[in-house]
Amino acid sequence: MDSALRRIVVPFHALTSGAAELTWGQREIWTAMVQQRSWLPISFVEPLEPFTTIESVVAGLRDRMQRFDSMRTRLAVGADGEPRQVVAAEGETVLEVFEAAGRDPSAVAAEIRDGFSERGHDHAEDWPVATALVLQRGVPVLLVSVYCHLALDALARTVRGEGMRPVELAEWERGEEARRLSAASMAYWEKQLRAIPARRFAPSSDARTPRYWEAVFRSRALYLALQVVAPGAAGASAPLLAVFAVALNRVTGAGPVVLQLVVGNRFHTHLADVFAPVNQTGLWVLDVEGETLDGALVRSKRRGMSVYKHAYYDPRARAELIARVARERGEELDLGCFFNDRRMDRTTGDAPSAADVKGALATTTFTWRRRTDRPTERLFVNAEDAAGVIELSAWTDTRYLAPADLEAVLREMEAVAVDAAVAR
């Protein structure tokens, strides 16, 4: 990443401040950060409207810092190792300005995004967002924002942020109503934990160095096939989860399929307009052994309601529950399979023809992207927004799922959906 052309200091003054323990959503993210030794940056590159000025971008950044407490939140870690959120009333942030000149502005923005993500984050000193403006011959064209995941989840950017402040939510979660919700979720989790097999994956026969590999799979055929097999619901999570479960079972033999499904939780009224991370995971169990995709779809829809209902809880209670059940069973419980459907644009058109679906197979791409020894989960699949395709980015721990097996799972997802669509 080239040096910034300018660094504009942006002072801000807000009406709110305070300190509290972490919310449940923040604590879930913090635990993942500690385990993965990462600040889990979330990045956005946004095109700017014509006639946008540098001054208006500065004003927008100042407004964001002043409106949302999570933008002014840093952490203080006590002697017990427990982090607390500390919200400042005022301070200064920085807008870095870059000139693309004759280069592609998108390429410049990608370099800035990657540079921000890789330079790390000091939770006690840094504000939870790094921001840059890309100019094309002096004209603002792209805004790059890289957030610490403790500040927000992807859906937080779609809310007005007029709900409870994070410090208020943390206090609410100490109350009786929240404790009842958490207890109900733990009862659901305990029932599942006592019934599932302890292991998800056999040891891999092809462990690699670096240990963790990321793949990216882009398929228009999968995108179209879901519109055929799940008309009216193709963009919902249940059909894609059913396809994933069938594919994983066929490739690995794992059954029932057990995964942690990332749940947005904003259907809870008091979380709907909170500008902060409220995502937590629900425990999703589906037996698809010998099942057709149609059967898996029915089961996936039925299972989803219970999973979503029981994905809001105190993460400390869940950690204690998992440890207790593991002790009582006398074996470690492997819960390291995750699925995160991050798609927000879920519109679909008329159902395509079988010829359209089969013809799209020629455009499918599979690539390996990053490889690292920094820990991640044994399998973590993200479904991403992309124009006219489904994009799956997936991390595998090669000690448990070999690279070839991960590729096979992703390709089998496409095959399962396409075969079912063509057979209609």
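Below is a summary of the structure that appears in this document.

About the thresholds
Residues numbered from 1 in each chain as written. Predicted model: local features only at pLDDT ≥ 70, side-chain atom pairs only at ≥ 80, totals over all residues. Heavy atoms only, no water. Core = buried A, V, L, I, M, F, W, Y, C linked by side-chain atoms within 4.5 Å. Buried < 20%, exposed > 50% of the residue type's maximum accessible area, 1.4 Å probe, protein only. Contact = heavy atoms within 4.5 Å. Phe/Tyr/Trp six-rings, centres within 6.5 Å; stacked < 30°, edge-to-face > 60°. Helix = DSSP H or I, 4+ residues; strand = E, 2+ residues; numbered from the N terminus. Salt bridge = Lys/Arg side-chain N within 4 Å of Asp/Glu carboxyl O. 1 Å grid on protein atoms, 1.4 Å probe; cavity = no way out; pocket = protein on both sides within 12 Å on 5 of 7 lines; lining within 4 Å. Points joined across faces, edges and corners; volume = space filled by probe spheres on them. Nonpolar A, V, L, I, M, F, W, Y, C, P; charged D, E, K, R; others polar. Axes fitted to C-alpha atoms, helices over the stretch in contact; angles between N-to-C directions. Parallel < 35°, antiparallel > 145°, perpendicular 65-115°, else oblique. Expected span 1.5 Å × (residues − 1). Pairing = 2+ DSSP bridges.

### Description of the nonpolar core
- Phe244, Trp284, Phe339, Leu379, Leu392 and Leu410 are the most contacted members of the largest nonpolar core, which has 69 residues in total.
- The contact partners of leucine 410, leaving out residues within four places of it in the chain, are Ala215, Phe217, Phe366, Leu392 and Ala394.
- One finds Ile42, Val58, Tyr147 and Val159 within the second-largest nonpolar core, a separate group that totals 26 residues.

### As for the packing of aromatic side chains
- Considering all chains together, one arrives at ten aromatic pairs under this definition.
- Each ring, one from tryptophan 213 and one from tryptophan 368, has its centre 5.2 Å from the other, and the planes form 80°; the classification is edge-to-face. Here tryptophan 213 is found in strand 9 (residues 212-219), whereas its partner tryptophan 368 is found in strand 13 (residues 365-372), with 155 residues between them in sequence.
- Note on tryptophan 213: relative accessible area 5%, which makes it buried.

### Considering the pattern of salt bridges
- Scanning all chains against the criterion turns up 35 salt bridges.
- What you see here is one network of salt bridges that share partners, running through Glu21, Glu171, Arg174, Arg179, Asp314 and Arg316.

### Some words on empty space enclosed by the protein
- Under the criterion given, the structure shown has two cavities of 30 Å³ or more.
- The calculated volume of the largest cavity comes to roughly 80 Å³.
- Around the largest cavity sit Gln26, Ser70, Thr73, Arg74, Leu75, His121, His123, Asp126, Pro128, Cys148, Leu150 and Ala151, which together line it.
- No other element matches the three residues that strand 4 (residues 73-77) contributes to the lining of the largest cavity.
- Its residues assigned to classes, the lining of the largest cavity comprises five nonpolar, five polar and two charged.
- Of the voids in this model, the second largest cavity is the one considered here, and its volume is about 40 Å³.
- Lining the second largest cavity we find Arg200, Phe201, Leu248, Ala254, Pro256, Val257, Val258 and Cys337.
- The class makeup of the residues in the lining of the second largest cavity is seven nonpolar, no polar and one charged.

### Remarks on the packing of helix 1 (residues 24-36) against helix 9 (residues 315-329)
- The interhelical angle for the contact between helix 1 and helix 9, taken along N-to-C directions, is 55°, at an axis separation of 9 Å. With respect to their mutual orientation, helix 1 and helix 9 come out oblique. Between helix 1 and helix 9, the residues in contact are Trp24, Arg27 and Glu28 and Pro315, Arg316 and Arg318, respectively.
- The residue makeup of the contact of helix 1 with helix 9, split by class, is two nonpolar, no polar and four charged.

### Some remarks on helix 7 (residues 237-252)
- Compared with an ideal rise of 1.5 Å per residue, which puts 16 residues at 22 Å, helix 7 spans 22 Å between its outermost C-alpha atoms and is within 8% of the ideal.
- Immediately beyond the C-terminal end of helix 7, within one or two residues, lies glycine 253, with a positive phi of roughly 80°.

### Some thoughts on the sheet that holds strand 11 (residues 280-286)
- Pairing within the open sheet is mixed, and its seven strands lie in the order 11-10-12-14-15-9-13. Looking at which strands have only one partner, the edges of the open sheet turn out to be strand 11 and strand 13. Across this sheet, the average inter-strand angle for adjacent strands is 20°, counted without regard to direction.
- Bridge count for strand 12 (residues 337-341) against strand 14 (residues 379-384) is five bridges, and the pairing is parallel. The residue of strand 14 that forms the bridge with asparagine 340 is asparagine 382.

### Examining the sheet that holds strand 2 (residues 18-21)
- Overall, antiparallel pairing links the three strands, which are arranged 2-5-4 in an open sheet. Since the sheet does not close on itself, it has two edges, and those belong to strand 2 and strand 4, each with one partner. Neighbour-to-neighbour, the strand axes of the sheet open up by a mean angle of 30°, direction not taken into account.
- The pairing of strand 2 with strand 5 (residues 83-87) spans four bridges and is classified as antiparallel. Along strand 5, the bridge assignment pairs alanine 20 with glutamine 85.

### Here we look at the packing of helix 5 (residues 176-195) against helix 8 (residues 293-309)
- The contact between helix 5 and helix 8 brings their axes to 9 Å, and the two run at 130°. Compared by their axis directions, helix 5 and helix 8 come out oblique. Every residue of helix 8 that contacts helix 5 at Ser185, Tyr188 and Gln192 is listed here: Arg303, Ser306, Val307 and Lys309.

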